[in-house]
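Each chain, written out:
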Amino acid sequence: MIKMMRAARMHAVGGPMTIDNIPVPKPGSTDVLVQVKACGMVPNLGNVLANWTKWFPHLPLPKLPAIFGLDPAGVVVEVGEQIVDVRPGERVYVNPLRSCGACQMCRAGERSRCRYFTFNGYFGFGPGSQKIYDIYPYGGFCEYMTAPQYALVRLPDNVTFEQAARFGYTGTSYGAMKKANATPGQCMLVDGISGTLGLGAALLGVAMGITRIFGTGRNQGLLDRVKALAPDRIEVHALGSGSTSEWVKSRTGGEGVDFMISALGPGAPASTMVDALRAVRRGGRAVNVGAVAEVLPLDVHWLMDEQIQVIGSNWFTAAQGQEMAELARSGLLDMSVFEHRRFPLEDVNNAISGLSDRNGGFSNYVVVP
Ligand SMILES: [Zn+2]
């Protein structure tokens with residue numbers, strides 16, 4: 001067994017990552033060791049991290065030096081002594097969602113509602129997160145990482161590691177659609193359909209039998225590409241070319257959509273989201289997974305009259321990740337649309353520094369350790 005490995009570590013917030021040689025960890029008794037083959041990342045991660053403590057002071061980063069890397073996929077190479085049903089050689093996506101495992105929410109399978117909810121390789125949601133980082137300090141920007149067995153999603157052979165490194169953002173959309181009670185035959189609106197989250201919702205909508213998919217976006221070229229995924233079922237509308245809700249209502253006989261997924265990018269104004277909310281039918285749902293940061297002027301009387309639910313959603317369970325993997329295995333979920341941009345570990349600082357030639361959600365940035 002190899003004793004040392006390369007790991008990209010950040011030693012100061014906003015500083016460059018350095019490639020350090022550190023010991024290969026031993027998995028805990030209910031953990032596995034995964035050899036990372038690809039790790040997905042949010043574009044512009046470097047800028048996000050540099051401004052983190054200013055923008056999100058309530059969301060703690062791990063103690064430094066830290067190994068980032070949110071969305072790893074790889075091969076199990078070693079299993080802890082209490083592992084029964086995972087074997088070396090298995091191809092897996094490692095869901096970065098960590099939690100305590102013992103509270104009422106964790107025991108109910110609702111790990112993202114645990115007060116120790118932490119993104120391995122990124123940030124935590126509360127003061128308890130450092131305890132989790134002490135146990136799981138390895139993000140995906142290194143050669144080997146430990147992971148609890150509860151986090152593993154088994155990959156079908158037809159899903160590549162680079163594609164699996166996109167499971168995090170696709171899964172975020174999947175978790176939102178589950179909260180929207182998405183069922184076959186429904187209509188949905190994806191506000192921001194050509195971005196990283198929105199494209200995932202579009203692909204999942206096609207896979208899950210959502211018969212009519214309405215999508216908005218700023219870039220007509222990207223919207224045309226999204227529509228081409230399923231021209232008979234997807235309709236697109238450029239933001240800024242008139243009201244989204246009026247467009248949707250006009251296309252649905254005044255009815256509106258069963259649910260709306262808000263997947264707008266950072267900087268989108270609240271008014272855009274309020275407009276999209278108005279596209280939801282009576283009794284429908286709106287789920288936010290996007291990055292609108294402005295406070296919404298929300299007409300709660302209208303919500304009551306129309307019995308519309310507005311829901312916040314964050315990430316997804318490993319079980320939901322497995323459901324996505326099965327959709328991909330069957331060919332229903334098409335992961336082939338992504339254009340991979342691969343960066344070796346040594347190039348991690350370029351990878352996270354933000355690249356301008358993006359094709360919206362079609363571009364997939366992966367670090368290959
Ligand atoms: Zn818990």
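Residues numbered from 1 in each chain as written. Predicted model: local features only at pLDDT ≥ 70, side-chain atom pairs only at ≥ 80, totals over all residues.

**Looking at the domain arrangement of the chain**
- Segmenting the chain into domains produces domain 1 (4–166 + 338–368) and domain 2 (170–312).
- Domain 1 puts five residues into the contact, and the matching count from domain 2 is nine residues. (Domains from an automatic or database assignment. Contact = placed C-beta atoms within 7 Å.)

**Here we look at the packing of helix 6 (residues 167–179) against helix 12 (residues 318–330)**
- In contact at an axis separation of 10 Å, helix 6 and helix 12 are set at 105 degrees when each is read in the N-to-C sense. As the angle between them shows, helix 6 and helix 12 are arranged roughly perpendicular. Contacts between helix 6 and helix 12 involve Phe167, Thr170, Gly171, Tyr174, Gly175 and Lys178 on the former and, on the latter, Gln320, Gly321 and Met324.
- The residue makeup of the contact of helix 6 with helix 12, split by class, is three nonpolar, five polar and one charged. (Axes fitted to C-alpha atoms, helices over the stretch in contact; angles between N-to-C directions. Helix = DSSP H or I, 4+ residues; strand = E, 2+ residues; numbered from the N terminus. Parallel < 35°, antiparallel > 145°, perpendicular 65-115°, else oblique. Nonpolar A, V, L, I, M, F, W, Y, C, P; charged D, E, K, R; others polar.)

**Looking at the pairing of strand 4 (residues 71–79)**
- For strand 3 (residues 31–40) and strand 4, the ladder comprises eight bridges, and the chain directions are antiparallel. Residue pairing for strand 4: Val36 is matched across the bridge by Gly74.
- Across three bridges, the pairing between strand 4 and strand 5 (residues 91–94) is antiparallel. Across the sheet, Val75 pairs through a bridge with Arg91, a residue of strand 5. (Pairing = 2+ DSSP bridges.)

**Quick word on the environment of Ala165**
- As for its position among the elements, Ala165 is in the loop between helix 5 (161–164) and helix 6.
- Counting along the chain gives 94 residues from Ala165 to Asp71, while the straight-line C-alpha distance between them is 5.2 Å.
- In this view, Ala165 contacts Ala38, Cys39, Gly40, Asp71, Ala73 and Val366; residues no more than four positions away in its chain are not counted.

**Notes on unusual backbone geometry**
- Leu64 connects to Pro65 through a cis peptide bond whose omega is -5 degrees.
- Tracing the backbone through its elements, the reader meets Pro65 in the loop between helix 2 (52–55) and strand 4.
- We note that Gln307 has phi near 50 degrees; this positive angle belongs to a residue other than glycine.
- Structurally, Gln307 is set in the loop between helix 11 (300–306) and strand 15 (309–312).

**Some details on the sheet that holds strand 14 (residues 280–288)**
- As summarised here, the arrangement of the six strands in space is 12-11-10-13-14-15, forming an open sheet in which the pairing is parallel. Only two strands of the sheet have a single neighbouring strand rather than two, namely strand 12 (234–238) and strand 15. Adjacent strand axes in the sheet meet at a mean angle of 15 degrees, parallel and antiparallel pairs treated alike.
- The pairing of strand 10 (residues 187–191) with strand 13 (residues 257–262) spans four bridges and is parallel. Note on strand 13: the bridge partner recorded for Val190 is Ile261.
- The sheet strands contacting helix 6 are strand 13, strand 14 and strand 15, and the helix crosses strand 13 at an angle near 145 degrees.
- Packed onto the sheet, helix 8 (residues 220–227) meets strand 11 (212–217) and strand 12 and runs at close to 170 degrees relative to strand 12.

**Things to note about the nonpolar core**
- In terms of nonpolar packing, the biggest core is built from 113 residues, with Val34, Phe141, Cys142, Met188, Val257, Met260 and Ile261 touching the most fellow members.
- Counting only domains with at least three residues in this core, you end up with domain 1 (4–166 + 338–368) and domain 2 (170–312).
- Excluding residues that lie within four positions of it along the chain, Ile261 makes contacts with Ser173, Ala176, Met177, Ala180, Met188, Val190, Asp191, Ala201, Val287 and Val289. (Core = buried A, V, L, I, M, F, W, Y, C linked by C-beta atoms within 7 Å. Buried ≥ 20, exposed ≤ 12 C-beta atoms within 10 Å, placed from the backbone.)

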